[in-house]
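Notes for the structure review
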Amino acid sequence: MISSLTSFLSAHATIIVYLVKIALLLFIVLTVNAYLTWFERKVVAHMQSRWGPHRVGPHGLLQPLADGAKFLLKEDPTPAGVDKFTYFLAPLMALALALTSIAIIPFGPEPLHIFGQNISLGIADLNIGILALFAITALSVYGVALAGWSSNSKYPLLGGLRSSAQMVSYELALTMSVVGVLLLAGSFNLRDIINAQAHHPERGILGWNIWPQILGFICFFVAAVAETNRVPFDLPEAESELVAGFHTEYASFKFAMFFIAEYTSMITVSCLCTIMFFGGWLSPFPASWTFTYYLPSVILIPFGLWVIWDGIRYETIFGRIILPGVGTAITAIGALLILFPPVNEFIQGPFWLLAKIFIFLFVYVWMRGTLPRFRYDQLMSFGWKLLLPLSIANVVITAGAILVWPMLKNWVNL
Amino acid sequence: MADAQELGQPVTPQLAIFFVLAAIAVIGALSLILQRHPIHSALSLIVVMIALAGLYLLMGSEFVAAVQIIVYGGAIMVLFVFVIMLLNAGAEERTNVSKLAGVAGIPLAVALLGFLAAAIARSNESAQAGLQSGTLANTKEISMMLFKDFVYPFELTSFLILVAILGAIVLAQREKS
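Below is a short write-up of the structure. Each residue is numbered by its place in its chain's sequence as written, counting from 1. Starting at A for chains and at 1 for ligands, labels are handed out in the order in which the entities are written. Per-residue local features are limited, in this predicted model, to residues with pLDDT of at least 70; the limit for side-chain atom pairs, both in listing and counting, is 80 or more; totals at the level of whole chains, interfaces and linings are taken over all residues. The side-chain figures draw on all heavy atoms in the structure; neither hydrogens nor water molecules are used.

Here's the deal with the overall build of chain B
Put simply, the rule is: Only runs of H or I of at least four residues qualify as helices and only runs of E of at least two qualify as strands under DSSP, and these elements are numbered from the N terminus. Each residue's exposure class comes from its accessible area (1.4 Å probe, protein chains only) as a fraction of the maximum for that residue type: buried when under 20%, exposed when over 50%, partly exposed otherwise. Here a residue-residue contact requires only that any non-hydrogen atoms of the pair lie within 4.5 Å. Note on areas: Shrake-Rupley, 1.4 Å probe, and residue coverage restricted to the protein chains presented here.
Looking only at helices and strands, chain B features 8 helices and 0 strands. Starting at the N terminus, the α and β elements of chain B follow one another as α-α-α-α-α-α-α-α. Within chain B, the proportion of its 177 residues that are buried is 21%. For chain B, the proportion of contacts with a sequence separation of at least 24, taken over those separated by at least 6, is 63%. If you sum the accessible surface of chain B, you get close to 13000 Å²; carbon and sulfur atoms cover 73% of it.

A look at helix α3 (residues 38–58) of chain B
Residue and element names in this part refer to chain B. Worth spelling out the cut-off: Any helix carries an expected span of 1.5 Å times its number of residues minus one.
Counted at 1.5 Å a residue, the expected span for α3 with its 21 residues is 30 Å, and the 30 Å between its end C-alpha atoms agrees. By the criterion of burial, α3 is predominantly enclosed, with 16 of the 21 residues buried. Taken from the residues just after α3, glycine 60 is the one with a positive phi, measuring 85°.

Quick look at the side chain of asparagine 209 of chain A
Structurally, asparagine 209 of chain A can be placed in the loop between α7 (190–196) and α8 (214–227). Ignoring any residue separated from it by four or fewer positions in sequence, one finds asparagine 209 of chain A in contact with Val181, Leu184, Ile193, Gln197, Met276 and Phe277 of chain A.

Examining the state of the cysteines
Residues and elements named next belong to chain A. Note the threshold: Two cysteine sulfurs form a disulfide in these notes if their separation is within 2.5 Å.
As enumerated under the stated definition, the model contains 0 disulfides over all chains in all. The structure places no disulfide on cysteine 271, whose sulfur is separated from the nearest cysteine sulfur, that of cysteine 273, by 9.5 Å. With relative accessibility at 0%, the residue cysteine 273 sits in the buried group.

Details of the interface of chain A and chain B
The condition is simple: Note on definitions: buried area is the accessible-area loss of two parts on being combined, 1.4 Å probe, summed for both. Each reported salt bridge corresponds to a side-chain nitrogen of Lys or Arg within 4 Å of a carboxyl oxygen of Asp or Glu. Two N or O atoms form a polar contact when they lie within 3.5 Å of each other; inside protein one atom must be a possible hydrogen donor and the other a possible acceptor, and for residues adjacent in sequence the pair counts only when both atoms belong to side chains.
Opposite the 22 residues of chain A that make contact, chain B presents 21 residues. Buried surface at the junction of chain A and chain B, summed over both partners, amounts to about 2000 Å²; 81% is from carbon and sulfur atoms. When the buried surface of chain A facing chain B is broken down by residue, Tyr142, Trp149 and Leu161 of chain A rank first, second and third, together holding 30% of it. Summed over the shared surface of chain A and chain B, the number is 0 salt bridges. Counting the contacts that link chain A with chain B gives 5 residue pairs in polar contact (both at pLDDT 80 or more). Contributing elements (two or more residues each) for the side of chain A that touches chain B: α4 (84–102), α5 (129–150) and α6 (154–185) of chain A.

Regarding the packing of α4 of chain A against α5 of chain A
The angle between the axes and the distance between the axes are what describe a pair of packed helices. Residues and elements named next belong to chain A. Note the following rule: For helices, the axis comes from a line fit to the C-alpha atoms of the stretch in contact; other axes are also lines fit to C-alpha atoms, and the angle between any two N-to-C directions lies between 0 and 180 degrees. We call two directions roughly parallel when the angle between them is under 35 degrees, roughly antiparallel when it is over 145, roughly perpendicular when it lies between 65 and 115, and oblique otherwise. Crossing handedness is defined as follows: a turn of the near helix away from the far one that is anticlockwise and smaller than a right angle gives a left-handed crossing, while the clockwise case is right-handed. For this classification, Asp, Glu, Lys and Arg are treated as charged, while Ala, Val, Leu, Ile, Met, Phe, Trp, Tyr, Cys and Pro are nonpolar and the rest, including Gly, are polar.
Two numbers describe how α4 lies on α5: the axes approach to 8 Å, and their chain directions differ by 155°. Here α4 is positioned roughly antiparallel relative to α5, judged by the angle of their axes. Here α4 runs over α5; the crossing is left-handed. On α5, the residues touching Thr86, Tyr87, Ala90, Met93, Ala94, Leu97, Thr100 and Ser101 of α4 are Leu133, Ile136, Leu139, Ser140, Tyr142, Gly143, Leu146, Ala147, Trp149 and Ser150. A class-by-class count of the residues in the contact of α4 with α5 yields 12 nonpolar, 6 polar and no charged.

Side note on the side chain of threonine 37 of chain A
All names here are of chain A. With respect to the element layout, threonine 37 can be found in helix α2 (residues 13–47). For threonine 37, a relative accessible area of 16% puts it in the buried group. A polar atom in the side chain of threonine 37 sits 2.4 Å from the backbone oxygen of alanine 34. Sequence-distant contacts of threonine 37, defined by excluding residues within four places in its chain, comprise Phe259 and Tyr263.

Regarding the packing of aromatic side chains
All names here are of chain A. Selection criterion: Stacked, tilted and edge-to-face are the three classes applied to pairs of Phe, Tyr and Trp rings, where Trp contributes its six-membered ring and a pair requires centres within 6.5 Å; stacked means planes under 30 degrees apart, edge-to-face means over 60, and tilted covers the rest. A ring has a charge above it when a Lys NZ or an Arg CZ is no more than 6 Å from the ring centre and no more than 35 degrees off the ring normal.
Applying the stated criterion across every chain, the model contains 26 aromatic pairs over all chains. On the numbers, 6.3 Å between centres and 70° between planes, the contact of tryptophan 208 with phenylalanine 278 is edge-to-face. With a gap of 70 residues between them, tryptophan 208 in the loop between α7 and α8 and phenylalanine 278 in the loop between α10 (252–277) and α11 (295–312) connect regions that are remote in the sequence. The exposure class of tryptophan 208 is buried, given its relative accessible area of 5%. Arranged with centres 5.2 Å apart and planes meeting at 80°, the rings of phenylalanine 217 and phenylalanine 278 form a pair that is edge-to-face. Of the two residues, phenylalanine 217 sits in helix α8 while phenylalanine 278 sits in the loop between α10 and α11, which places them 61 residues apart along the sequence. You can call phenylalanine 217 buried: its relative accessible area is 14%. Here the aromatic residues Trp208, Phe217, Phe220, Phe221, Phe277, Phe278, Phe360 and Tyr364 are joined through ring pairs into a cluster of three or more. Looking at lysine 21, its charged tip hangs above the ring of tyrosine 18, at a distance of 5.1 Å from the centre. For the cation-ring pair, lysine 154 lies above tyrosine 155, with the distance from its terminal atom to the ring centre recorded as 5.8 Å.

Some points on the pattern of salt bridges
Residues and elements named next belong to chain A. Counting across every chain of the model gives 8 salt bridges over all chains. Between aspartate 125 and arginine 191 there is a salt bridge whose closest N-O contact spans 3.7 Å. One end of the pair, aspartate 125, is in the loop between β2 (117–119) and α5; the other, arginine 191, is in helix α7, with 66 residues separating them in the sequence. Using a relative accessible area of 49% as the deciding quantity, one classes aspartate 125 as partly exposed. In this structure, arginine 230 and glutamate 262 form a salt bridge, with 3.1 Å as the shortest nitrogen-oxygen distance. On the criterion of sequence distance, the pair formed by arginine 230 in the loop between α8 and α9 (239–242) and glutamate 262 in helix α10 is long-range, its members being 32 residues apart. Each member of the pair arginine 230 and glutamate 262 is classed as buried.

Here's the deal with the nonpolar core
Convention followed: We define the nonpolar core as a collection of buried residues of types Ala, Val, Leu, Ile, Met, Phe, Trp, Tyr and Cys that are connected through side-chain atoms lying within 4.5 Å of one another.
Among the nonpolar cores identified, the biggest contains 110 residues, and Ile130, Tyr142, Leu190, Phe220, Leu272 and Met276 of chain A together with Met85 of chain B are the most heavily contacted of them. Of the residues forming this core, the biggest block, 15 residues, is contributed by α5 of chain A. Apart from the residues within four sequence positions on either side, leucine 190 of chain A is in contact with Ile104, Ile105, Pro106, Ile130, Leu133, Leu272 and Ile275 of chain A.

Below is the structure:
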């Protein structure tokens, strides 16, 4: 029995590894999504001198679970006169496409060796990585547009129309702004793009694409925020004008699917910014500074100790039990990283990647807490008259520089 | 005889995927014609586009597949959907079918099908070669072809598109004044 099982496992090892990786990544992404809502509510609340979620669990940490249960248990009415097929298809499409795009992101440089298998961090390592992502983005417009149309209601229709116009307009700038990075890397593959930024390991942060491509980065980030329908570009769901825009007529878990799709695309965009402009998993320090390898522990241990200290003084008994436990776990992980140098070395790439992604997610939330919404005509003229010309200029400048630079070097040497 | 031998070959996974994608494309195309509502027709066309992209991927040309989805599946079809939504077009009404369509259309369609089938049957070998080699795929080779071998036709096409864009702008401007 056991021998037949092991032979089955070894015969289908590759496909089993893929299935496990997909399941694991889905679980991680959905959990991160849930806690991203908590993080967003907390940060925006503190920006506005409020507490944010505070009642469900210590520091409101169980709020996402409560929200999830609520989404599942709410009544799910289908409004009269909707186009049934499209009405059900739209949230599915939005969620499926958003989750698919995560599969292309590589999460670390070195493969993991477990059970004699080389498990690379990331699901699909495509030659056309970035193009595949743009293909998925191009299709994700339909989720929003069809939701708006099929609801048979005027506010969703207006929201759907706005979003299709907005996403088509900003997709051009989004695609053009990446061309500079692709020219520098000479590849569409995301791993190649990161490795191209590591040509001079001693330069550290100075070798990243952000310096030569700062114009491209600005265009990319603005266009990407517009593509994900986030503040200040959340015209498709402008509460003050359109009730809730394209998802007004959606309730219960169908609404949650749109919500998860939006937060997943936030994560994807943060991953892309990190990979293309901020060196992906590369450390910002020169490669010879090996003492920076202890940085994950230096961050984790004090944070864990702070959580313990905070937990002991927490007002509820539940919090006084849970928080010190979590803090001890974080401290222990930090300490273990010091004790096992190979593990610590392996963790470096993913650590820097995740740290940078976290910073971008914070910027997203920060913008939500600070910026007012664009007016619709401003949005259109901004996209077409400023962002698109700028990104095209960036392509011309980068291509020219790549052409002239070797000549200039030769000339100086002579 | 050669055809019979090829049909007798065992079904490779590639061939199976080809038939699945081809079936999806054909069903999508039929549904495009048979659907009563323009949005459903547009959705069917998107399905056809994506199935075609899958076929390109099967032939090993990743770049063409991605561009197929970005340009046709994304940009162009979004504009279709956008216009249908903007006009808020309802379901089509059945009108009296033109008699000419029945008399001339069906024989013409059958003739076209026959010609296409004959042409494809003749060029069987080259299609097989394309399926197996997968060398026409590379992004670099495609760009070399576009910007070296076919640079003048390519530039001429871009010029045509530019003219069309200018025409659209002129038409849109006239309404204002």
